[in-house]
Amino acid sequence: VIHGDSVFSVSVVPAVGTDYVNMYGRDMTEQKLAEEELAENERRFRKVSELVSDYAYSFRFEPDGSKVSEWFTDSFTRIFGFTFEEVIDQSVWEKQFYPEDVPIIEERLRKLHSNKETISEYRLNTRDGDVKWVRDYGYPEWDEDENRVVRVYGTAQDITERKRMEE
């Protein structure tokens, strides 16, 4: 129920053995405002991430150490041609790795697991067979209760043109 600028949750419960009902209400205004603010902050974060990098992403480490992609900005698809639904499949994601750079990526994951920020440069294959260089910044999130890294936030830049100029 919306009343003015306030949002209420109302429950109507019949009173047993009478013709009366009991009404219970709860002011949901603060919760609704917090949800709207959270959604707006997420939109801002994604937009800022795309402005300061070519794409941003997040993945989590499961207790068994496996990596699960959570999200990436739409610009990833524009650069590499793969959708989130495709790369959430670990086998598709691993096919993107340029074979000679796999050791760089493995070392990067070891550092992130150890709660160390990383900056790595490596190559990824695009859907159409091109090779792109990226400079990838990874920021681990430590969970005190679990005593481990549970998530990594990152941003990456397409540095292909810079690498070509250097060569």
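Owing to the predicted nature of the structure, the values given are computational and were not obtained by experimental measurement.

Caption draft 1: Expanded view of the overall build of the protein. Secondary structure summary: the protein contains six helices and eight strands in total. Listed by position from the N terminus, the elements making up the protein come as β-β-β-α-β-β-α-α-α-α-β-β-β-α. For the protein, whose C-alpha radius of gyration is 23 Å, the value lies well above the compact-globule estimate of 15 Å for 167 residues. Structurally, the protein occupies a C-alpha span of about 85 × 35 × 25 Å along its principal axes. Out of the 167 residues in the protein, the part that is buried amounts to 31%.

Caption draft 2: Broad picture of the packing of aromatic side chains. Summed over the entire model, instances satisfying the criterion amount to eight aromatic pairs. Each ring, one from Tyr 55 and one from Tyr 57, has its centre 6.2 Å from the other, and the planes form 45°; the classification is tilted. Judged by centre distance (5.3 Å) and plane angle (80°), the ring pair of Phe 59 and Phe 61 falls under edge-to-face. Judged by its relative accessible area of 3%, Phe 61 falls in the buried class. Put simply, the rings of Tyr 55, Tyr 57, Phe 59, Phe 61, Phe 72, Phe 76, Phe 80 and Phe 84 touch in pairs and so form one group of aromatic residues. Directly above the aromatic system of Trp 133 lies the positively charged group of Lys 163, at a separation of 4.4 Å from the ring centroid.

Caption draft 3: Spotlight on the side chain of Thr 160. Mapped onto the elements, Thr 160 comes out in helix 6 (residues 160-166). In this structure the side chain of Thr 160 is engaged in a polar contact, spanning 2.6 Å, whose partner is the side chain of Asp 158. For Thr 160, the residues in contact, after removing those within four places along its chain, are Val 131, Lys 132 and Trp 133.

Caption draft 4: Local environment of helix 5 (residues 102-113). The end-to-end C-alpha separation of helix 5 is 17 Å, in line with the 16 Å expected for twelve residues at 1.5 Å each. Turning to helix 5, its buried residues number three or more, namely Ile 105, Arg 108 and Leu 112. All buried residues of helix 5 fall inside an arc of 60° around its axis, so they share one side. Those residues of helix 5 that are buried are in contact with strand 4 (55-61), strand 6 (118-125), strand 7 (131-143) and strand 8 (148-158).

Caption draft 5: Representation of the sheet that holds strand 4 in the model. Overall, antiparallel pairing links the five strands, which are arranged 5-4-8-7-6 in an open sheet. The strands lining the two open edges of the sheet, one partner per strand, are strand 5 (67-72) and strand 6. Sheet twist, expressed as the mean angle between neighbouring strand axes with direction ignored, is 30°. Relative to the sheet, helix 5 contacts strand 4, strand 5, strand 6, strand 7 and strand 8, its axis offset from that of strand 6 by approximately 145°.

Caption draft 6: Layout of the pattern of salt bridges. Enumeration according to the criterion identifies 16 salt bridges in this entry. Between Glu 100 and Arg 123 there is a salt bridge whose closest N-O contact spans 3.7 Å. Placement of Glu 100 in the loop between helix 4 (90-95) and helix 5 and of Arg 123 in strand 6 is noted, with a sequence separation of 23 residues between them. Classification of Glu 100 as exposed rests on a relative accessible area of 58%. When its relative accessible area of 15% is taken as the criterion, Arg 123 is described as buried. As a salt-bridge pair, Glu 121 and Arg 135 come within 2.6 Å of each other at their nearest N and O atoms. Here Glu 121, found in strand 6, pairs with Arg 135, found in strand 7; they are 14 residues apart in sequence, far enough to count as distant. Connected through salt bridges with shared partners, the residues Arg 60, Glu 62, Glu 70, Glu 141 and Arg 151 form a single ionic network.

Cut-off values and rules
- Residues numbered from 1 in each chain as written.
- Predicted model: local features only at pLDDT ≥ 70, side-chain atom pairs only at ≥ 80, totals over all residues.
- Heavy atoms only, no water.
- Helix = DSSP H or I, 4+ residues; strand = E, 2+ residues; numbered from the N terminus.
- Rg over C-alpha atoms; globule rule 2.2 N^0.38 Å.
- Buried < 20%, exposed > 50% of the residue type's maximum accessible area, 1.4 Å probe, protein only.
- Phe/Tyr/Trp six-rings, centres within 6.5 Å; stacked < 30°, edge-to-face > 60°.
- Lys NZ or Arg CZ within 6 Å of the ring centre and 35° of its normal.
- Polar contact = N/O pair within 3.5 Å; in protein donor to acceptor, adjacent residues only side chain to side chain.
- Contact = heavy atoms within 4.5 Å.
- Expected span 1.5 Å × (residues − 1).
- Arc of directions from axis to C-beta.
- Pairing = 2+ DSSP bridges.
- Axes fitted to C-alpha atoms, helices over the stretch in contact; angles between N-to-C directions.
- Salt bridge = Lys/Arg side-chain N within 4 Å of Asp/Glu carboxyl O.

On their own, these measurements won't tell you what the molecule is for.
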